[in-house]
Amino acid sequence: MTEQTFSGYAQELCRLLSHIEVTADSGERMSLEEGMNRATSIILSKKSEGRKIIIIGNGGSAAIASHMQNDLCKTVAVRSLVFNEAPLLSALSNDLSYKVAFEVLVDLWAENGDVLIAISSSGQSQNILRAADAARHKGCSVITLSGFKNSNPLRHKGMINFYVPLENYGFVELGHSILTHYISDAAKDRITAAVSI
């Protein structure tokens, strides 16, 4: 087995980014540019309406969720939260089960008109799927980021679904990180442009 070079790694990442698939809840395909524009517009419309952005994920996806929440709060000034606090998450997981922990928190915190951003590399994590269903039931907009198999169930649960077509955690997580960074940066840039007019 030959060792991969960094330039090869970077080229593979660039190739992967050009193959990200985006679909609407109707199954309609859209370009990545259109998906990014729609997601950014949703974030800004919710900011103007005083709604919340809830972001969830497990493991590396939880780190991406926390980073996006930080950027949305700090640079976009939109109310955003994550459910990664270890004592609460472990208490719910121990007393109820991990697969319902995010669902319980969505039921507690989400309100009609909020947004749930659900991040899962496999798109098959039960706690993420159940939370997405709970958010939709409460009248929230759902945006999903998934990867691995193209049949994963998460990519059918959002009004906008970003799918990274590869079964490699590192590349899928990098793809998701770039997507979430872009959404935050694009939202910040639109606010800056509006102020300067």
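Described below are features of the structure shown in this document.

What counts, and at which threshold
Residues numbered from 1 in each chain as written. Predicted model: local features only at pLDDT ≥ 70, side-chain atom pairs only at ≥ 80, totals over all residues. Heavy atoms only, no water. Helix = DSSP H or I, 4+ residues; strand = E, 2+ residues; numbered from the N terminus. Expected span 1.5 Å × (residues − 1). Buried < 20%, exposed > 50% of the residue type's maximum accessible area, 1.4 Å probe, protein only. Contact = heavy atoms within 4.5 Å. Core = buried A, V, L, I, M, F, W, Y, C linked by side-chain atoms within 4.5 Å. Pairing = 2+ DSSP bridges. Right-handed = clockwise from strand over helix to strand, strands pointing away. Phe/Tyr/Trp six-rings, centres within 6.5 Å; stacked < 30°, edge-to-face > 60°. Lys NZ or Arg CZ within 6 Å of the ring centre and 35° of its normal.

### What about helix H5 (residues 98–109)?
Residue pairs spaced three or four apart in an α-helix point in one direction, given the helix's 3.6 residues per turn.
Thought 1: In a regular helix each residue adds 1.5 Å, so 12 residues correspond to 16 Å; H5 covers 18 Å between its end C-alpha atoms and thus fits that length.
Thought 2: Turning to H5, its buried residues number three or more, namely Val100, Ala101, Phe102, Glu103, Leu105 and Val106.
Thought 3: Turning to H5, the residues buried within the fold contact strand S3 (53–56), helix H4 (86–95), strand S5 (115–119) and helix H6 (126–137).

### Section: the nonpolar core
Thought 1: Ile53, Ile55, Leu72, Ile117 and Phe162 are the most contacted members of the largest nonpolar core, which totals 34 residues.
Thought 2: In this structure, leucine 72 is in contact with Ile43, Ile53, Ile55, Ala77, Val78, Ser80 and Ser184, ignoring residues within four places of it in sequence.

### Description of the pairing of strand S6 (residues 141–147)
Looking down a regular strand, the side chains alternate between one sheet face and the other.
Thought 1: Within S6, seven of the seven residues are buried, which leaves it mostly tucked inside the rest of the structure.
Thought 2: By the alternation rule, side chains of S6 split into Ser141, Ile143, Leu145 and Gly147 and Val142, Thr144 and Ser146, which are all buried.
Thought 3: By the bridge criterion, five bridges tie S5 to S6 in an arrangement that is parallel. Directly across from leucine 116, in S6, lies its bridge partner valine 142.
Thought 4: Crossover handedness for the path S5 to H6 to S6: right-handed.
Thought 5: Summarising the sheet, S6 and strand S7 (residues 160–164) pair through five bridges and their orientation is parallel.

### Details of the packing of aromatic side chains
Given two aromatic rings, one states the distance between the centres and the angle between the planes to describe the pair.
Thought 1: What the rule picks out here adds up to four aromatic pairs.
Thought 2: A centroid spacing of 4.8 Å and a plane angle of 65° characterise the contact between phenylalanine 148 and tyrosine 169, whose relative ring orientation is edge-to-face. Of this pair, phenylalanine 148 sits in the loop between S6 and S7 while tyrosine 169 sits in helix H7 (residues 169–196); the two residues are 21 residues apart in sequence, bridging distant segments of the chain.
Thought 3: On the basis of relative accessible area, phenylalanine 148 is assigned to the buried category, the value being 14%.
Thought 4: Through successive ring pairs, a cluster of aromatic residues spans Phe83, Tyr98 and Phe102.
Thought 5: Of note, arginine 155 hangs over the ring of tyrosine 163, and the distance from its end group to the ring centre comes to 4.1 Å.

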